[in-house]
Amino acid sequence: MRNVDASLEAVEEILNILIEISRLDTGRLEPDITSFPLDEVFERLKVEFAALAREKAELELRVVATRLWVRTDRRLLRRVLPNLLANAIKYTPKGKVLLGVRRRGSELTVEVCDTGPGIPKGKRAVIFKEFERLEETAASVR
């Protein structure tokens, strides 16, 4: 039941992402900066994406627990990370997808790593534009 509830919330959030993208583009979205434990976000993502990863028999989703806190907009972070995880799972036919955080001095880097085919160097600037995807990669994982 917990997984179903989390999955339904994830779908609702994906729809809200489209609205927020337009707000970001027009400068009408003000970030709400707060401090919170990063593991709260990680645990929720683990629940939401576990079933999706299990659908692929040879794919393992690993979320590394952390005690670190962040100071950022929770809502915006919750918009970015599910997209990165969903793409990592979608485009990684077998192996691992890892969500974790790395500390470098006073800065934290949240990372999604996978054993998928990766993004070719020449396409990296293109792939992070809105509504872009690499057709050759998408066709190979269907």
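Relevant structure appears above.
Residues numbered from 1 in each chain as written. Predicted model: local features only at pLDDT ≥ 70, side-chain atom pairs only at ≥ 80, totals over all residues. Heavy atoms only, no water.

Q: Sorry if this is basic, but what is going on with the overall build of the protein here?
A: The helix and strand inventory of the protein stands at 5 helices and 5 strands. Secondary structure of the protein in N-to-C order comes out as α-β-α-β-β-α-β-β-α-α. Expressed as a percentage of its 142 residues, the buried residues of the protein come to 30%. Total accessible area on the protein is roughly 9,700 Å²; 55% of this is exposed by carbon and sulfur atoms. (Helix = DSSP H or I, 4+ residues; strand = E, 2+ residues; numbered from the N terminus. Buried < 20%, exposed > 50% of the residue type's maximum accessible area, 1.4 Å probe, protein only. Areas by Shrake-Rupley, 256 points an atom, 1.4 Å probe, with all protein chains shown as cover.)

Q: How should I be thinking about helix α3 (residues 74-90) in this particular structure?
A: In an α-helix, one full turn covers 3.6 residues, which means residues spaced three or four apart are oriented alike. With 17 residues, α3 extends 24 Å from end C-alpha to end C-alpha; this agrees with the ideal 24 Å at 1.5 Å per step. Where α3 is concerned, the buried positions are L77, R78, R79, L81, P82, L85, A88 and I89. The N-capping residue of α3, defined by a side-chain oxygen 2.9 Å from the backbone nitrogen of R75, is D73. (Expected span 1.5 Å × (residues − 1). Polar contact = N/O pair within 3.5 Å; in protein donor to acceptor, adjacent residues only side chain to side chain.)

Q: Whenever I open this one, the packing of aromatic side chains confuses me. Can you help?
A: Ring pairs (aromatic) are described by centroid distance and by the angle formed between their planes. What the rule picks out here adds up to 0 aromatic pairs. The positively charged end of R74 is found above the aromatic ring belonging to F36, 4.1 Å away from the centroid. (Phe/Tyr/Trp six-rings, centres within 6.5 Å; stacked < 30°, edge-to-face > 60°. Lys NZ or Arg CZ within 6 Å of the ring centre and 35° of its normal.)

Q: What exactly am I supposed to notice about the side chain of E48 here?
A: One can find E48 in helix α2 (residues 38-54). Among all residues touching E48, those that are not within four sequence positions of it are A6, S7, A10 and R78. (Contact = heavy atoms within 4.5 Å.)

Q: Is there a simple way to explain α2 in this structure?
A: Given a rise of 1.5 Å per residue, 17 residues ought to cover 24 Å, and the 24 Å separating the end C-alpha atoms of α2 matches this to within 8%. At E48, α2 is deflected by roughly 35 degrees, the largest bend along its length. Here α2 has its buried residues at L38, D39, V41, F42, L45, V47, E48, F49 and A53. (Bend = angle between axes of the 7 residues up to and from the residue.)

Q: Could you clarify how one ought to interpret the side chain of D73 in this entry?
A: Within the secondary structure, D73 is located in strand β3 (residues 69-73). Here the side chain of D73 touches R75 through a polar contact of 2.9 Å, landing on its backbone nitrogen. Here the side chain of D73 touches L76 through a polar contact of 2.9 Å, landing on its backbone nitrogen. Not counting the four nearest positions on each side in its chain, D73 is found in contact with E30, P31, D32 and I33.

Q: Could you clarify how one ought to interpret the pattern of salt bridges in this entry?
A: A side chain with one charge can pair with a side chain of the opposite charge if their charged atoms come near. For the coordinates displayed, the defined rule picks out 6 salt bridges. Of the charged contacts, one joins E48 and R44 as a salt bridge, the two residues approaching to 3.2 Å between their closest N and O atoms. Of the two residues, E48 and R44 both sit in helix α2, 4 residues apart, roughly one turn of that helix. On the accessibility criterion, R44 (30% relative accessible area) is partly exposed. Bridged by salt links that share partners, the residues R44, E48 and R78 form one connected network. (Salt bridge = Lys/Arg side-chain N within 4 Å of Asp/Glu carboxyl O.)

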